[in-house]
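Topology and contacts: notes
The primary structure of each chain is shown beneath.
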Amino acid sequence: EPEVTQTPSHQVTQMGQEVILRCVPISNHLYFYWYRQILGQKVEFLVSFYNNEISEKSEIFDDQFSVERPDGSNFTLKIRSTKLEDSAMYFCASRAGTGKGTDTQYFGPGTRLTVL
Amino acid sequence: RKEVEQDPGPFNVPEGATVAFNCTYSNSASQSFFWYRQDCRKEPKLLMSVYSSGNEDGRFTAQLNRASQYISLLIRDSKLSDSATYLCVVIFKAAGNKLTFGGGTRVLVKP
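All values derive from a computational prediction rather than experimental measurement.

Conventions and cut-offs
Residues numbered from 1 in each chain as written. Chains lettered and ligands numbered in written order. Predicted model: local features only at pLDDT ≥ 70, side-chain atom pairs only at ≥ 80, totals over all residues. Heavy atoms only, no water. Contact = heavy atoms within 4.5 Å. Buried area = accessible area lost by both parts, 1.4 Å probe. Salt bridge = Lys/Arg side-chain N within 4 Å of Asp/Glu carboxyl O. Polar contact = N/O pair within 3.5 Å; in protein donor to acceptor, adjacent residues only side chain to side chain. Helix = DSSP H or I, 4+ residues; strand = E, 2+ residues; numbered from the N terminus. Buried < 20%, exposed > 50% of the residue type's maximum accessible area, 1.4 Å probe, protein only. Pairing = 2+ DSSP bridges. Axes fitted to C-alpha atoms, helices over the stretch in contact; angles between N-to-C directions. Lys, Arg positive; Asp, Glu negative; His and termini not counted.

1. A word on the interface of chain B and chain A
Put simply, an interface is often sized by how much accessible area is lost when its parts join up. The interface of chain B with chain A comprises 20 residues on the first partner and 18 residues on the second. Contact between chain B and chain A buries roughly 1600 Å² in total, counting both sides, with carbon and sulfur atoms accounting for 53%. Considering only the side of chain B, the residues that lose the most area to chain A are R41, N97 and F101 of chain B, jointly responsible for 33% of the buried surface there. At the surface where chain B touches chain A, the tally comes to one salt bridge. A salt bridge links E56 of chain A to K98 of chain B; the shortest N-O distance between them is 3.6 Å. Our count for the chain B to chain A interface comes out at five residue pairs in polar contact (both at pLDDT 80 or more). Put simply, the parts of the chain that give the side of chain B that touches chain A at least two residues each are strand 4 (30–38) and strand 5 (45–50) of chain B.

Below, the structure is given as structure tokens:
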């Protein structure tokens, strides 16, 4: 069964450093998302991406964040200058966009980001 | 008012018993509803979509009540493996297709 993959599984970084979180969505999917979940809190939407551009972003997704689809398979989230409060689990998700169940988003296993 | 609210639990359930819990949502202009399951420190996994007429998938039954703005999940014949956090998820109209999550209801099935 196709699945979303993410790397690394755990990233530890110093405050102020840049991090890039990587995702490989399901191959025929058209819509891509990043969510985050701070420990003990609910899952929160960050950004959605379609047709090589951001379609929607939340208040959390400020100028420190960016997303990119550098090739036909990868989807990345960059945090330019990490803060302590960026420590969270970051989930990538993808959605087919056509056909049955087009609303369904499938999640990757997540990257645990720890900012020291 | 929070957009999607859930009782955090935990619901302690004897193995083999039935458990049910609800989720309320704030916006009547809601498009799609889902139950996801999340195990500790893992990703959310789709359990089932929730349809207007209600739907069943094995031991799991989901209901939607648009008038009262809530959805429910019922688990019959609980298994130890059903222990998890159940996330209520809503797609609101005019909000693109972003998922709005509730805080989750924790279910612990005990022998």
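2. A look at the pairing of strand 11 (residues 105–110) of chain B
All names here are of chain B. Alternating positions in strand 11 separate cleanly, T105, V107 and V109 being buried on one face and R106, L108 and K110 remaining unburied on the opposite face. With four bridges joining them, strand 2 (residues 11–14) and strand 11 adopt parallel strand pairing. Bridge pairing in strand 11 links F11 to V107. Where strand 9 (residues 84–92) lies against strand 11, three bridges are found, and the strand directions are antiparallel. Following the sheet pairing, T85 is matched in strand 11 by R106.

3. So, the sheet that holds strand 8 (residues 70–75) of chain B
Residues and elements named next belong to chain B. The strand order 1-3-8-7-6 describes an open sheet built from five strands, whose pairing is antiparallel. Here the strands that pair on one side only, and so sit at the sheet edges, are strand 1 (4–6) and strand 6 (55–57). Shown here is a sheet whose adjacent strand axes are inclined to one another by a mean of 20 degrees, direction ignored. Note: strand 6 against strand 7 (residues 60–65), three bridges, orientation antiparallel. Within the sheet, the bridge partner assigned to E56 lies in strand 7 and is T61.

4. A few points about the sheet that holds strand 7 (residues 65–68) of chain A
Residue and element names in this part refer to chain A. On the basis of which strands lie adjacent, the open sheet formed by four strands has the order 1-3-8-7 and antiparallel pairing. Either end of the sheet is taken by a strand with one partner, and the two such strands are strand 1 (5–7) and strand 7. Shown here is a sheet whose adjacent strand axes are inclined to one another by a mean of 20 degrees, direction ignored. Inspection of the sheet shows strand 7 paired to strand 8 (residues 75–79) by four bridges, in the antiparallel sense. Residue pairing across strands places E68 opposite T76, the latter belonging to strand 8.

5. What about the side chain of R112 of chain A?
When you line up the elements, R112 of chain A lands in strand 11 (residues 111–115). Although R112 of chain A is buried, it makes no salt bridge; E43 of chain B carries the closest opposite charge, 10 Å away. Excluding anything up to four places from it in sequence, R112 of chain A contacts S9, H10, Q11, A88 and M89 of chain A together with R41 of chain B.

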